[in-house]
Amino acid sequence: RASIILRIKKPESYLKLNPKGEVPTLVIDGKILTESGLVNEFLEHKFTSGTKLLPDSSLDRADIRLFLKQFQPIIKAIYVLLKGQDR
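Rules behind the numbers
- Residues numbered from 1 in each chain as written.
- Predicted model: local features only at pLDDT ≥ 70, side-chain atom pairs only at ≥ 80, totals over all residues.
- Heavy atoms only, no water.
- Phe/Tyr/Trp six-rings, centres within 6.5 Å; stacked < 30°, edge-to-face > 60°.
- Helix = DSSP H or I, 4+ residues; strand = E, 2+ residues; numbered from the N terminus.
- Buried < 20%, exposed > 50% of the residue type's maximum accessible area, 1.4 Å probe, protein only.
- Contact = heavy atoms within 4.5 Å.

Student: Sorry, what's going on with the packing of aromatic side chains here?
Tutor: In this structure the tally under the stated criterion is 1 aromatic pair. Ring plane angle 55° and centroid distance 4.9 Å describe the contact between Phe67 and Phe71, whose orientation is recorded as tilted. Of the two residues, Phe67 and Phe71 both sit in helix 3 (residues 58-84), 4 residues apart, roughly one turn of that helix. By relative accessible area, which is 47% here, Phe67 ends up partly exposed. Overall, the relative accessible area of 36% leaves Phe71 in the partly exposed class.

Right, here's the structure in full:
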């Protein structure tokens, strides 16, 4: 387990895994996952014990993914803003 603070320069070892330097990054059996949605879905499928992140219905999952996609530019802008505070 490793914690990397959002606003610090990432170590070279991290940038080798994720050249964009974004978080999260998860390495499982040599496979690198770098997008939060992918990481969340992987963890849900691997370790689900009770409450799920996404509903069972394909239509409901699609609705949630569409909703999240609409907010990606806002989340990205906040990330860039916070990252820039370090300068």
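Student: Any chance you could explain unusual backbone geometry here in plain terms?
Tutor: Keep in mind that most residues, glycine aside, have a negative phi and that most peptide bonds are trans. The residue Asp29 is not glycine, and still its phi comes out positive at about 50°. By the secondary structure assignment, Asp29 is in the loop between strand 1 (26-28) and strand 2 (31-33). Here Asp29 falls in the exposed class, since its relative accessible area comes to 81%.

Student: How do you make sense of the side chain of Glu22 when you look at a structure like this?
Tutor: Its location among the elements puts Glu22 in the loop between helix 1 (12-17) and strand 1. For Glu22, the contacting residues outside a window of four places in its chain are Tyr14, Lys76 and Tyr79.

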